Amino acid sequence: MKPIDLAGFEQKFAGNADPWSTFTNRDEAHKRAAILHGLGGGPVGRVLEIAAGNGSNSVALARRALRLDATEGAQSGVDLVRRAVGDARGVRVRRLVLPGRFPAQVYDAAVVAEVFYYLSPRDMRQVARDIADAVRRGGRLILAHHRVDYPDFVQHAAHLHARFLAASGVAWRAAGDERTGRWRVQSYVRG
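In this text the structure is predicted, and so the values were computed from the model without any measurement.

> Mind laying out the overall build of the chain, listing which residues take part and the relevant values?
Each helix and strand in the chain was counted, giving 6 helices and 7 strands. Shown N-terminal to C-terminal, the secondary structure of the chain runs as helices and strands in the order α-α-β-α-β-α-β-β-α-β-α-β-β. Relative to its length of 191 residues, the chain is compact, with a C-alpha radius of gyration of 15 Å against a globular reference of 16 Å. Dimensions along the principal axes, computed over C-alpha positions, put the chain at roughly 40 × 35 × 30 Å. Of the roughly 9,200 Å² of accessible surface on the chain, 50% is carried by carbon and sulfur atoms.

Structure, rendered in C-alpha coordinates:
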(Lines give C-alpha, C1' and ligand atoms only; values in the text may rest on other atoms or scores of the structure.)
Protein backbone atom coordinates (compact mmCIF):
# COMPACT_ATOMS: atom_id res chain seq x y z
CA MET A 1 0.00 0.00 0.00
CA LYS A 2 1.31 3.45 -0.84
CA PRO A 3 1.08 6.37 1.59
CA ILE A 4 -2.26 8.15 1.53
CA ASP A 5 -2.36 11.69 0.17
CA LEU A 6 -4.99 14.43 0.18
CA ALA A 7 -6.80 12.85 -2.78
CA GLY A 8 -6.98 9.60 -0.81
CA PHE A 9 -8.56 11.39 2.15
CA GLU A 10 -11.04 13.06 -0.24
CA GLN A 11 -12.09 9.61 -1.45
CA LYS A 12 -12.29 8.21 2.08
CA PHE A 13 -14.56 10.99 3.36
CA ALA A 14 -16.64 11.06 0.18
CA GLY A 15 -17.28 7.32 0.50
CA ASN A 16 -17.92 7.21 4.26
CA ALA A 17 -18.63 10.08 6.66
CA ASP A 18 -16.96 8.16 9.52
CA PRO A 19 -14.35 5.84 7.95
CA TRP A 20 -12.59 5.17 11.28
CA SER A 21 -15.75 5.09 13.44
CA THR A 22 -14.50 8.09 15.40
CA PHE A 23 -18.01 9.09 16.47
CA THR A 24 -19.00 5.64 17.75
CA ASN A 25 -15.86 3.69 18.71
CA ARG A 26 -15.27 3.42 22.48
CA ASP A 27 -11.48 3.68 22.08
CA GLU A 28 -11.91 6.88 20.04
CA ALA A 29 -14.14 8.30 22.82
CA HIS A 30 -11.40 7.45 25.34
CA LYS A 31 -8.83 9.26 23.16
CA ARG A 32 -11.14 12.27 22.81
CA ALA A 33 -11.51 12.45 26.60
CA ALA A 34 -7.71 12.42 26.91
CA ILE A 35 -7.48 15.28 24.39
CA LEU A 36 -10.03 17.33 26.35
CA HIS A 37 -8.20 16.57 29.61
CA GLY A 38 -5.01 17.85 27.98
CA LEU A 39 -6.62 21.26 27.51
CA GLY A 40 -6.70 21.73 31.29
CA GLY A 41 -9.64 22.91 33.35
CA GLY A 42 -12.26 25.45 32.41
CA PRO A 43 -13.00 27.08 29.09
CA VAL A 44 -10.14 27.86 26.70
CA GLY A 45 -9.99 31.08 24.70
CA ARG A 46 -8.94 30.54 21.08
CA VAL A 47 -8.22 26.94 20.01
CA LEU A 48 -6.69 25.75 16.73
CA GLU A 49 -7.58 22.24 15.58
CA ILE A 50 -5.34 20.84 12.86
CA ALA A 51 -6.65 18.05 10.60
CA ALA A 52 -10.18 17.94 12.02
CA GLY A 53 -11.11 14.96 9.83
CA ASN A 54 -14.86 14.49 10.06
CA GLY A 55 -15.35 16.74 13.09
CA SER A 56 -15.67 14.10 15.80
CA ASN A 57 -13.17 15.95 18.03
CA SER A 58 -14.39 19.37 16.84
CA VAL A 59 -17.81 18.86 18.41
CA ALA A 60 -16.20 18.25 21.82
CA LEU A 61 -13.63 21.03 21.41
CA ALA A 62 -16.38 23.52 20.51
CA ARG A 63 -17.90 22.98 23.96
CA ARG A 64 -14.59 23.91 25.65
CA ALA A 65 -13.35 26.73 23.39
CA LEU A 66 -14.62 30.27 23.30
CA ARG A 67 -13.35 30.35 19.69
CA LEU A 68 -12.46 27.24 17.68
CA ASP A 69 -10.71 27.30 14.32
CA ALA A 70 -11.18 23.76 13.02
CA THR A 71 -9.05 23.12 9.93
CA GLU A 72 -9.00 20.20 7.51
CA GLY A 73 -7.11 19.64 4.26
CA ALA A 74 -9.70 17.58 2.39
CA GLN A 75 -12.70 19.57 1.20
CA SER A 76 -14.98 16.59 1.81
CA GLY A 77 -13.66 16.58 5.41
CA VAL A 78 -14.33 20.32 5.72
CA ASP A 79 -17.93 19.67 4.69
CA LEU A 80 -18.22 16.90 7.31
CA VAL A 81 -16.76 19.10 10.05
CA ARG A 82 -19.23 21.88 9.19
CA ARG A 83 -22.07 19.39 9.40
CA ALA A 84 -20.79 17.99 12.72
CA VAL A 85 -20.43 21.36 14.49
CA GLY A 86 -23.62 22.76 12.96
CA ASP A 87 -24.28 26.28 14.17
CA ALA A 88 -22.10 26.05 17.29
CA ARG A 89 -21.20 29.52 18.48
CA GLY A 90 -17.60 30.65 18.03
CA VAL A 91 -16.60 27.94 15.54
CA ARG A 92 -14.96 28.60 12.19
CA VAL A 93 -14.22 25.73 9.84
CA ARG A 94 -11.55 26.32 7.20
CA ARG A 95 -9.77 24.31 4.57
CA LEU A 96 -6.06 24.21 5.34
CA VAL A 97 -3.56 22.13 3.40
CA LEU A 98 -0.47 21.60 5.54
CA PRO A 99 1.84 23.35 5.78
CA GLY A 100 -0.24 26.47 5.39
CA ARG A 101 -1.29 29.72 7.01
CA PHE A 102 -3.51 29.38 10.08
CA PRO A 103 -6.78 31.36 10.30
CA ALA A 104 -5.47 33.49 13.22
CA GLN A 105 -2.01 34.53 14.40
CA VAL A 106 -2.24 33.63 18.09
CA TYR A 107 -3.92 30.73 19.90
CA ASP A 108 -4.34 29.71 23.52
CA ALA A 109 -4.19 26.05 22.52
CA ALA A 110 -3.56 23.86 19.50
CA VAL A 111 -4.87 20.31 19.07
CA VAL A 112 -3.18 18.10 16.50
CA ALA A 113 -4.50 14.57 16.09
CA GLU A 114 -3.73 11.78 13.66
CA VAL A 115 -1.92 13.75 10.96
CA PHE A 116 1.86 13.96 11.45
CA TYR A 117 2.61 10.52 10.01
CA TYR A 118 0.83 11.51 6.81
CA LEU A 119 3.17 14.48 6.31
CA SER A 120 6.69 14.35 4.92
CA PRO A 121 9.37 15.05 7.53
CA ARG A 122 10.01 18.40 5.87
CA ASP A 123 6.33 19.41 5.96
CA MET A 124 6.03 18.28 9.59
CA ARG A 125 9.03 20.42 10.56
CA GLN A 126 7.37 23.45 8.95
CA VAL A 127 4.08 22.77 10.74
CA ALA A 128 6.01 22.43 14.01
CA ARG A 129 7.58 25.87 13.55
CA ASP A 130 4.23 27.37 12.52
CA ILE A 131 2.47 25.98 15.59
CA ALA A 132 5.29 27.17 17.86
CA ASP A 133 4.82 30.67 16.42
CA ALA A 134 1.03 30.53 16.82
CA VAL A 135 0.63 29.17 20.37
CA ARG A 136 1.15 31.94 22.93
CA ARG A 137 3.55 31.57 25.86
CA GLY A 138 1.75 29.56 28.51
CA GLY A 139 -0.59 28.13 25.86
CA ARG A 140 -1.32 24.43 25.45
CA LEU A 141 -0.35 21.95 22.75
CA ILE A 142 -2.14 18.60 22.60
CA LEU A 143 -0.72 15.89 20.33
CA ALA A 144 -2.70 12.69 19.69
CA HIS A 145 -1.34 10.01 17.37
CA HIS A 146 -1.20 6.25 16.91
CA ARG A 147 1.76 4.43 18.41
CA VAL A 148 1.75 1.72 15.75
CA ASP A 149 2.45 2.06 12.05
CA TYR A 150 -0.13 1.57 9.33
CA PRO A 151 0.70 0.87 5.69
CA ASP A 152 -0.55 4.26 4.46
CA PHE A 153 1.83 6.29 6.70
CA VAL A 154 4.59 8.46 5.22
CA GLN A 155 6.53 8.49 8.52
CA HIS A 156 6.87 5.96 11.31
CA ALA A 157 4.77 6.56 14.41
CA ALA A 158 7.62 5.84 16.85
CA HIS A 159 8.97 9.03 18.49
CA LEU A 160 6.75 11.17 16.27
CA HIS A 161 5.85 13.62 19.02
CA ALA A 162 9.49 13.99 20.08
CA ARG A 163 10.53 14.74 16.49
CA PHE A 164 7.76 17.33 16.21
CA LEU A 165 8.67 19.05 19.48
CA ALA A 166 12.36 19.17 18.56
CA ALA A 167 11.52 20.69 15.17
CA SER A 168 9.38 23.41 16.77
CA GLY A 169 12.43 25.21 18.12
CA VAL A 170 10.74 26.24 21.38
CA ALA A 171 10.61 24.84 24.90
CA TRP A 172 7.51 22.82 25.81
CA ARG A 173 6.81 21.67 29.36
CA ALA A 174 5.09 18.31 29.65
CA ALA A 175 1.63 18.65 31.20
CA GLY A 176 0.06 15.24 30.61
CA ASP A 177 0.57 11.88 28.96
CA GLU A 178 -2.06 9.20 28.39
CA ARG A 179 -1.59 6.16 26.22
CA THR A 180 -2.95 2.80 25.27
CA GLY A 181 -1.33 0.12 23.16
CA ARG A 182 -2.66 1.89 20.05
CA TRP A 183 -2.38 5.64 20.70
CA ARG A 184 -0.76 8.35 22.80
CA VAL A 185 -2.09 11.77 23.82
CA GLN A 186 0.45 14.21 25.22
CA SER A 187 -0.13 17.76 26.36
CA TYR A 188 2.43 20.51 26.75
CA VAL A 189 2.62 24.10 27.91
CA ARG A 190 4.63 26.49 25.77
CA GLY A 191 7.60 28.10 27.52
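Having put the structure on the table, let's press on.
> So what's going on with the pairing of strand β1 (residues 44–50)? Which residues, and what values?
In terms of burial, β1 is a largely internal element, 5 of the 7 residues being buried. Two strands pair when backbone bridges link them, and β1 and strand β2 (residues 65–72) are joined in this way by 5 bridges, in the parallel orientation. Paired with V44 across the strands is A65, a residue of β2. Handedness of the β-α-β unit built from β1, helix α3 (residues 56–64) and β2 comes out right-handed. With 4 bridges joining them, β1 and strand β4 (residues 107–113) adopt parallel strand pairing. Pairing of L48 across the sheet is with A110, part of β4.

> Help me get a handle on the layout of surface pockets, residues and values and all.
As a volume, the largest pocket reaches approximately 890 Å³. Those elements that place two or more of their residues in the lining of the largest pocket are α1 (6–15), α2 (26–38), β1, α3 and β2. For the lining of the largest pocket, the element with the most residues is α2, which contributes 5 residues. In terms of residue class, the lining of the largest pocket is made up of 20 nonpolar, 9 polar and 13 charged. In this model, the second largest pocket occupies a volume close to 210 Å³. At the level of elements, β5 (135–146), α6 (160–168) and β7 (183–190) are the ones that each hand at least two residues to the lining of the second largest pocket. Class assignment of the residues belonging to the lining of the second largest pocket gives a composition of 5 nonpolar, 5 polar and 3 charged.

> Which residues make up the packing of α1 against helix α4 (residues 75–85), and what values do they have?
The N-to-C vectors of α1 and α4 enclose an angle of 40°; their axes lie 7 Å apart at closest approach. On the basis of the axis angle, α1 is oblique to α4. Of the residues in α4, those in contact with F9, E10, F13 and A14 of α1 are Q75, S76, G77 and L80. When grouped by side-chain class, the residues that make up the contact of α1 with α4 number 4 nonpolar, 3 polar and 1 charged.

> Before we move on, can you summarise the pairing of strand β6 (residues 172–179) with the specific residues and values?
Relative to β7, β6 is paired through 7 bridges, and the arrangement is antiparallel. Each residue of the ladder has a partner; that of R179, found in β7, is R184.

What counts as what
Residues numbered from 1 in each chain as written. Predicted model: local features only at pLDDT ≥ 70, side-chain atom pairs only at ≥ 80, totals over all residues. Heavy atoms only, no water. Helix = DSSP H or I, 4+ residues; strand = E, 2+ residues; numbered from the N terminus. Rg over C-alpha atoms; globule rule 2.2 N^0.38 Å. Areas by Shrake-Rupley, 256 points an atom, 1.4 Å probe, with all protein chains shown as cover. Buried < 20%, exposed > 50% of the residue type's maximum accessible area, 1.4 Å probe, protein only. Pairing = 2+ DSSP bridges. Right-handed = clockwise from strand over helix to strand, strands pointing away. 1 Å grid on protein atoms, 1.4 Å probe; cavity = no way out; pocket = protein on both sides within 12 Å on 5 of 7 lines; lining within 4 Å. Points joined across faces, edges and corners; volume = space filled by probe spheres on them. Nonpolar A, V, L, I, M, F, W, Y, C, P; charged D, E, K, R; others polar. Axes fitted to C-alpha atoms, helices over the stretch in contact; angles between N-to-C directions. Parallel < 35°, antiparallel > 145°, perpendicular 65-115°, else oblique. Contact = heavy atoms within 4.5 Å.

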